[in-house]
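Below are the chains, spelled out letter by letter.
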Amino acid sequence: IRQLLKQRRPRGFPPGPTPLPIIGNILSLATEPHVYMKRQSEIHGQIFSLDLGGISTVVLNGYDAIKECLYYQSEVFADRPSLPLFQKMTKMGGLLNCKYGRSWIEHHKLAVNCFRYFGSGQRMFERISEESLFFLDAIEKHRGKPFNPKHLVTNAVSNITNHIIFGQRFSYDDSDFQHMIEIFSENVELAASGWAFMYNAFPWMEYLPFGKHQNLFRNANEVYNFLLQIIKRFSQERVTQSPRHYIDAYLDEVEQSATDTATSFSQDNLIFSVGELIIAGTETTTNCLRWAMLYMALYPRIQEKVQTEIDCVLNGRPPAFEDRQRMPYVEAVLHEILRLCNIVPLGIFRATSQDAVVRDFTIPKGTMVITNLYSVHFDEKYWSDPSIFCPERFLDNNGRFVRHEAFLPFSIGKRHCLGEQLARLEMFSFFTTLLQRFHLQFPEGFIPSLSPKLGMTLQPRPYSICAIRRQQ
Ligand code: HEM
């Protein structure tokens, strides 16, 4: 009976598809949940609800509804849901998944300051350029033969956040670090699996000895133990109040707030926030670059146009910070990849921080909210033929770059992506240096799949590619 009561929609709650007893609509999320949700929004409206095994969830679809909630009611929709999985993993602390309130304000402010101080401007750009060279040299070693670029891209991209967090890069042969990233990113995949939804609905599953949720817990344990070790290593020789990186800056905060019993700065939250910054920065940007490489090999004429622009503007020299504005075609291609590939299709789950009213619906405080960012990028009101890869939609008749409103790969509002500027810088730099030196093509006869591997992020299925040195 309790289960049935849990499933009843509260008064004024948005409508939605009929749930099955006990498991509700969970099964519908088995394949491409973002596509399913967009289709449901065409039946029930842009704001509709799902029952995820007793967890009433509101799904926001289309640009108008998402802007109305996340932008115009930014604080109301700024919380994260207290799901059993998140409670078990990070006790709703850390940064990315923490509750909206003092803890988020403190961690967000510290991270923003560290990103500004250690991760922006000319100095950061130089770091990224340096890393690009390591990246290109590693690719060069394949001598035009087919290889799967996943690991190299992951290594290069993660090293950029490593500079901010640890003050240094890790060698591409550092197998311990790579293993940590690998099992962490496996967790990003598992976190959106049916097992995770089932665990959230029925947390007693924890006591089942089998099931993929057990892999999730095992991986998380291993990741946190590893992070604790390297945090200790990188905080040696710390000098109070002269931080070399995020960890030092965090430990300064811990010291400063030692007598404040309500502070959120703690050893646990340091580990959680370091983990979240590493994975949020790596998984996303890596996937984006892997999609970009795949699409360039698939559309050689677009690749050629990118290279023509690179050659004209750079004339053989490495890209500089200011070149982004001078390369509208590169910008258009990267924007189109972000739009079409939907790296984070459902954003990161939100929750209401107080009772909310939107379009005559009432949504109680603490309700889980899913932002279907995919539905924004495929919103027919704003995009024509959204499923077609067409960088030109970001260019005007004079070839100048044009912004689009319904473009939210980094989401909007209070909890929008904290690494957006850094991610844009990385994508630009890695992408231009890569295509400046190499022509990308698939091995003879290989046809890549465009259907993504599902998870919290969408990534291409593994593919091999040949990077042939260009003559300029
Ligand atoms: C949050 C996308 C790169 C750090 C998010 C969210 C999205 C997103 C959709 C969810 C926001 C929400 O709740 O509505 C992306 C994409 C990236 C990228 C597409 C690259 C192409 C990065 C990088 C970093 C980063 C490089 C940092 C190193 C974060 C953090 C949050 C976040 C910390 C949580 C913010 C909060 O809860 O306050 N990102 N991201 N992201 N991202 Fe990114």
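The present account deals with the structure reproduced in this document. Bear in mind that the values here come from a model prediction, so they are computed numbers and not experimental data.

**Quick look at the overall build of the protein chain**
- Assigned secondary structure in the protein chain consists of 16 helices and eight strands.
- The C-alpha extent of the protein chain, read off along each of the three principal axes, is 70 × 55 × 45 Å.
- A buried classification covers 57% of the 472 residues belonging to the protein chain.
- Taking as baseline every contact in the protein chain between residues at least 6 positions apart, the subset at least 24 positions apart corresponds to 73%.
- Carbon together with sulfur atoms contributes 54% to the accessible area of the protein chain, which is approximately 20900 Å² in total.
- Here the protein chain contributes 50 positive and 48 negative side-chain charges, whose respective centroids are spaced 3 Å apart.

**Focus on the site of the ligand**
- If you check the shell around the ligand, you find 24 residues, and the closest are Arg80, Arg350, Ser411, Arg415 and Cys417.
- Between the ligand and the protein, one listed contact pairs an oxygen atom with a side-chain N or O atom of arginine 80 at 2.7 Å.
- Arginine 350 is positioned such that a nitrogen or oxygen atom in its side chain is 2.7 Å from an oxygen atom of the ligand.
- Of all the elements in the fold, those that place two or more residues in the shell around the ligand are helix H5 (102-118) and helix H12 (267-298).
- With five residues, H12 is the single largest residue contributor to the shell around the ligand.

**Observations regarding the coordination of the iron atom of the ligand**
- Looking at the iron atom of the ligand, one finds just one donor atom contributed by the protein, Cys417 (SG), at 2.3 Å.
- Mapped onto the secondary structure, cysteine 417 falls in the loop between helix H15 (373-377) and helix H16 (420-437).

**Focus: the packing of helix H8 (residues 175-190) against helix H10 (residues 212-235)**
- Relative to each other, H8 and H10 sit at 145°, their axes nearing to 9 Å. Taken as a pair, H8 and H10 cross one another with a handedness that is left-handed. For the pair formed by H8 and H10, the contact residues are Asp176, Phe177, His179, Met180, Ile183, Phe184, Glu186, Asn187 and Leu190 on the first element and Lys212, Asn215, Leu216, Asn219, Ala220, Glu222, Val223, Phe226 and Leu227 on the second.
- Its residues placed into classes, the contact of H8 with H10 shows ten nonpolar, four polar and four charged.

**Details of the pairing of strand E1 (residues 47-52)**
- The element E1 is largely enclosed, with a buried count of six among its six residues.
- Burial of E1 is two-sided: the residues Ile47, Ser49 and Asp51 facing one way and the residues Phe48, Leu50 and Leu52 facing the other way are all buried.
- Here E1 folds back onto strand E2 (residues 55-61), and the loop between the two strands holds two residues, one of which, glycine 53, carries a positive phi near 65°.

**Quick notes on the pattern of salt bridges**
- Under the definition given, this model contains 28 salt bridges.
- The residue arginine 400 makes a salt bridge to aspartate 396 at a minimum N-O spacing of 3.4 Å.
- For aspartate 396, a relative accessible area of 27% corresponds to the partly exposed category.
- Across the pair arginine 424 and glutamate 420 runs a salt bridge, and its minimum N-O distance is 3.0 Å. Of this pair, arginine 424 and glutamate 420 both sit in helix H16, four residues apart, which is roughly one turn of the helix.

**With respect to helix H6 (residues 121-140)**
- With 20 residues, H6 ought to run about 28 Å at 1.5 Å a step, and its terminal C-alpha atoms sit 29 Å apart, in line with that.
- Those residues of H6 that sit buried are Met124, Phe125, Ile128, Glu131, Ser132, Phe135, Leu136, Ala138 and Ile139. Seen along its axis, H6 keeps its buried residues to an arc of 150°; they face one direction.
- Looking at the buried side of H6, the elements it contacts are H5, helix H7 (150-166), H16, strand E7 (438-441) and strand E8 (466-469).

**What to know about the sheet that holds E1**
- Pairing within the open sheet is mixed, and its four strands lie in the order E1-E2-E6-E3. In the strand order of this sheet, the two ends are held by E1 and strand E3 (350-351), each with one partner.
- Against the sheet, helix H2 (residues 33-44) contacts E1, E2 and strand E6 (368-372), and its axis sits at roughly 125° relative to E1.

**Re the nonpolar core**
- Residues Phe135, Leu227, Tyr246, Val274 and Phe431 are the most contacted members of the largest nonpolar core, which totals 149 residues.
- With 16 residues, H12 is the largest single contributor of residues to this core.
- Excluding residues that lie within four positions of it along the chain, leucine 227 makes contacts with Met180, Ile271, Val274, Gly275 and Ile278.

**Focus on the packing of aromatic side chains**
- This structure, assessed with the given rule, holds 26 aromatic pairs.
- With a centroid separation of 6.1 Å and an interplanar angle of 5°, the aromatic rings of phenylalanine 394 and phenylalanine 401 are classed as stacked.
- The exposure class of phenylalanine 401 is partly exposed, given its relative accessible area of 23%.
- Of the aromatic side chains, those joined through ring pairs into one cluster are Phe166, Phe170, Phe177 and Phe234.
- One residue, arginine 339, lies across the ring of tryptophan 383, its end atom 5.3 Å from the ring centre.

**Details of unusual backbone geometry**
- Notably, arginine 143 is not glycine yet its phi reads approximately 50°, a positive angle.
- The residue arginine 143 is located in the loop between H6 and H7 in this model.
- The phi dihedral of serine 411 is positive, around 65°, even though this residue is not glycine.
- As for its position among the elements, serine 411 is in the loop between H15 and H16.

So, how was this worked out
- Residues numbered from 1 in each chain as written.
- Predicted model: local features only at pLDDT ≥ 70, side-chain atom pairs only at ≥ 80, totals over all residues.
- Heavy atoms only, no water.
- Helix = DSSP H or I, 4+ residues; strand = E, 2+ residues; numbered from the N terminus.
- Buried < 20%, exposed > 50% of the residue type's maximum accessible area, 1.4 Å probe, protein only.
- Contact = heavy atoms within 4.5 Å.
- Areas by Shrake-Rupley, 256 points an atom, 1.4 Å probe, with all protein chains shown as cover.
- Lys, Arg positive; Asp, Glu negative; His and termini not counted.
- Charge placed at Lys NZ, Arg CZ, Asp CG, Glu CD.
- Near = heavy atom within 4 Å.
- Polar contact = N/O pair within 3.5 Å; in protein donor to acceptor, adjacent residues only side chain to side chain.
- Donors = N, O, S within 2.8 Å, 3.2 Å for Na, K, Ca; no water.
- Axes fitted to C-alpha atoms, helices over the stretch in contact; angles between N-to-C directions.
- Left-handed = near helix turned anticlockwise from the far one by under 90°.
- Nonpolar A, V, L, I, M, F, W, Y, C, P; charged D, E, K, R; others polar.
- Pairing = 2+ DSSP bridges.
- Salt bridge = Lys/Arg side-chain N within 4 Å of Asp/Glu carboxyl O.
- Expected span 1.5 Å × (residues − 1).
- Arc of directions from axis to C-beta.
- Core = buried A, V, L, I, M, F, W, Y, C linked by side-chain atoms within 4.5 Å.
- Phe/Tyr/Trp six-rings, centres within 6.5 Å; stacked < 30°, edge-to-face > 60°.
- Lys NZ or Arg CZ within 6 Å of the ring centre and 35° of its normal.

Treat this as a map of the structure, not an account of what it does.
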